[in-house]
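# Residue-level structural notes
One-letter residues, chain by chain:
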Amino acid sequence: MKVVETAADLKKLRDKLPGPVGFVPTMGYLHEGHLVLVRQAKSENASVAVSIFVNPTQFGPHEDFRQYPRDPKRDLALLEVEGTDVVFMPPVEEIYHPGFNSWVEVGRLARRLEGASRPGHFRGVATVVARLFDLVKPDRAYFGQKDAQQLLVIKKMAADLDMKLEVVAVPTVREPDGLAMSSRNTYLNPEERKQAAVLYQALTLAQELYNDGEKDAGAIRRQMTALIQKQPLADIDYISVAHAETLEELNEVKPPALVSMAVRIGKTRLIDNVVVG
Ligand code: AMP
């Protein structure tokens, strides 16, 4: 496994990598959710590249960029076990040159849900992913369904800008109680961690209501809200039942619908989703 920090070193390695090349962009502090992406990339490509970069431009001014957990040594050990070929760990200046001021802005899709709650978030995500795609030149790039809107935004960017790669979606990896794995779960204290299971319980409730014939999206949102509000540490940011491709909110649930949410448990903001139908 080769670890590189500069675009110039990456380019030298990339030119010699057997193709096709699968790429997994991450912000590090790796868990099983990330490793499943790496394994799928490994099984579908001759070479696998992983990036570890906590991207400052996708964090809002009052968000957790500084506290975001980092453990590069452990990350590298985990990636080595998976047979990763190249790890790209650039310093910020390697991605954003001094005076950098060009951005990739994905329209409508990026303004809903997470985009509405976190202004500028997807501009930061799309820009860094475009930079990374340009540097790594992957044939396939792997993204988790856990961040469903991010996946849609990246797919839209890749299609609109004719990027010559395939964007591959990978199902969400969960803890035994259903909580989606996330580097941010480490912020949760034991009581918060217990209450965090309510996100997946609410998503399961939505799926069950739909299976039992409930097609009224408002009724589903209301029942999810009531369930989550039973947990004293939970504070709902949004609950959405939307078209799975356009992300437009639905009145009547028609598959494929994306049921998604952002909920604060204590100070930690968690997101999760399921596709119903
Ligand atoms: P992050 O390091 O949080 O930026 O995540 C890097 C990639 O891993 C993104 O494509 C995420 O959607 C994906 N990912 C994170 N958590 C999970 C999970 N629990 N299951 C599947 N994919 C995940």
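Cut-offs and rules
Think of each chain on its own: its residues are numbered from 1, step by step along the sequence as written. Reporting in this predicted model follows two pLDDT cut-offs: at least 70 for local features of residues, and 80 or more for side-chain atom pairs to be given and counted; totals over whole chains, interfaces and linings ignore these cut-offs and use all residues. Excluding hydrogens and water, the side-chain figures rest on all heavy atoms present in the structure. Strand pairing is assigned whenever DSSP detects at least two bridges linking the two strands. Where helices and strands are cited, they refer to DSSP runs of H or I of at least four residues and of E of at least two residues respectively, numbered from the N terminus. Axis angles are defined between N-to-C directions and span 0 to 180 degrees, where every axis is a line fitted to C-alpha atoms and, for a helix, only to the segment in contact. Between two residues, a contact is recorded if the distance between any of their heavy atoms is within 4.5 Å. Helix span, expected: 1.5 Å multiplied by one less than the number of residues in the helix. Note on exposure labels: buried denotes an accessible area under 20% of the residue type's maximum, exposed denotes more than 50%, and partly exposed covers the range between, all computed with a 1.4 Å probe on protein chains only. A pocket here means an open set of points on a 1 Å grid, computed over the protein atoms alone, that has protein on both sides within 12 Å along at least five of seven lines. A cavity is instead a set of points where a 1.4 Å probe fits but cannot get out; residues with an atom within 4 Å of a point line either one. Grid points are joined across faces, edges and corners, and a volume is the space filled by probe spheres set on the points. As used here, the term nonpolar core means buried Ala, Val, Leu, Ile, Met, Phe, Trp, Tyr and Cys residues forming a set that is joined through side-chain atoms within 4.5 Å. The cut-offs work like this: below 35 degrees is roughly parallel, past 145 is roughly antiparallel, 65 to 115 is roughly perpendicular, and the gaps in between are oblique. A clockwise turn of the near helix away from the far one marks a right-handed crossing, whereas an anticlockwise turn of less than a right angle marks a left-handed crossing. Polar here means any residue outside two lists: the nonpolar Ala, Val, Leu, Ile, Met, Phe, Trp, Tyr, Cys and Pro, and the charged Asp, Glu, Lys and Arg; Gly therefore counts as polar. Proximity criterion: a residue is near a molecule or strand once any of its heavy atoms comes within 4 Å of it. In protein, a polar contact means a hydrogen-donor-capable atom and an acceptor-capable atom, both N or O and within 3.5 Å, with residues adjacent in sequence counting only if both atoms are side-chain atoms; elsewhere, any N or O pair within 3.5 Å suffices. Every accessible area reported is derived by Shrake-Rupley at a probe size of 1.4 Å, with residue values counting cover from the shown protein chains alone.

## Here's the deal with the sheet that holds strand E4 (residues 86-88)
- Pairing within the open sheet is parallel, and its six strands lie in the order E1-E4-E3-E2-E5-E6. Only two strands of the sheet have a single partner each, and these edge strands are strand E1 (2-4) and strand E6 (166-170). Put simply, the sheet's adjacent strands are angled 25° from each other on average, direction ignored.
- Pairing between strand E3 (residues 47-52) and E4: three bridges, direction parallel. What sits directly across from Val-50, in E4, is Val-87.
- Contacts from helix H7 (residues 121-136) reach strand E2 (21-26), E3, E4 and strand E5 (140-144) within the one sheet, and its direction differs from that of E2 by about 150°.

## Notes on H7
- Its 16 residues give H7 an end-to-end C-alpha distance of 22 Å, which sits within 8% of 22 Å, the value for a rise of 1.5 Å per residue.
- The buried count for H7 comes to 14 of 16 residues, which makes it a mostly enclosed element.
- In the stretch just after H7, Lys-137 is the one whose phi turns positive, near 50°.

## A few points about the sheet that holds strand E9 (residues 268-276)
- As summarised here, the arrangement of the three strands in space is E7-E8-E9, forming an open sheet in which the pairing is antiparallel. The open sheet has two free edges, formed respectively by strand E7 (234-243) and E9, since each of these has just one partner strand. Averaged over all adjacent pairs, the angle separating strand axes in this sheet is 15°, with direction ignored.
- Where E7 and strand E8 (residues 257-265) come together, nine bridges link them in antiparallel fashion. Following the sheet pairing, Tyr-238 is matched in E8 by Ala-262.
- Sitting on the sheet, helix H10 (residues 198-211) touches E8 and E9, and the angle it makes with E9 is about 20°.

## A few points about the layout of surface pockets
- The volume enclosed by the second largest pocket comes to roughly 210 Å³.
- In terms of lining residues, the second largest pocket is bounded by 13 residues, among which Val-106, Gly-107, Leu-109, Lys-156 and Asp-160 are the most central.
- Elements that contribute at least two residues to the lining of the second largest pocket include exactly helix H5 (108-111) and helix H8 (148-160).
- Here the lining of the second largest pocket takes three residues from H8, the largest share from any one element.

## A look at the nonpolar core
- One finds Ile-95, Val-129, Phe-133, Phe-143, Ile-154 and Met-157 to be the most contacted residues of the largest nonpolar core, which totals 45 residues.
- Mapped by element, the contributors of at least two residues to this core are helix H1 (7-16), E2, E4, H5, H7, E5, H8 and E8.
- If you tally residues by element for this core, the top one is H7, at ten residues.
- Apart from residues lying up to four places away in sequence, Phe-143 is in contact with Pro-25, Leu-37, Val-129, Phe-133, Gln-150, Leu-151, Ile-154, Val-167, Val-168, Ala-169 and Val-170.
- Within the second largest apolar cluster, 28 residues are counted, among which are Leu-188, Tyr-210, Ile-239 and Val-274.

## Quick word on the packing of H10 against helix H11 (residues 217-229)
- The interhelical angle for the contact between H10 and H11, taken along N-to-C directions, is 150°, at an axis separation of 9 Å. For the element pair H10 / H11, the angle class is roughly antiparallel. In the packing of H10 onto H11, the handedness of the crossing is right-handed. Only Ile-220, Gln-223, Met-224, Leu-227 and Ile-228 of H11 make contact with H10, whose side of the interface consists of Val-198, Gln-201, Ala-202, Leu-203, Leu-205, Ala-206 and Leu-209.
- Its residues placed into classes, the contact of H10 with H11 shows ten nonpolar, two polar and no charged.

## As for the site of the ligand
- The environment of the ligand is made up of 17 residues, and the closest members are Met-27, His-34, Asp-147, Val-173 and Met-181.
- Between an oxygen atom of the ligand and a main-chain N or O atom of Gly-144, the distance comes to 2.9 Å.
- Protein chains shield 92% of the accessible area of the ligand, which is 480 Å² for the free molecule.
- Of all the elements in the fold, those that place two or more residues in the shell around the ligand are E2, helix H2 (32-44) and E5.
- Of the residues contributing to the shell around the ligand, the split by class is eight nonpolar, seven polar and two charged.

By themselves, these figures tell us nothing about what the structure is for.
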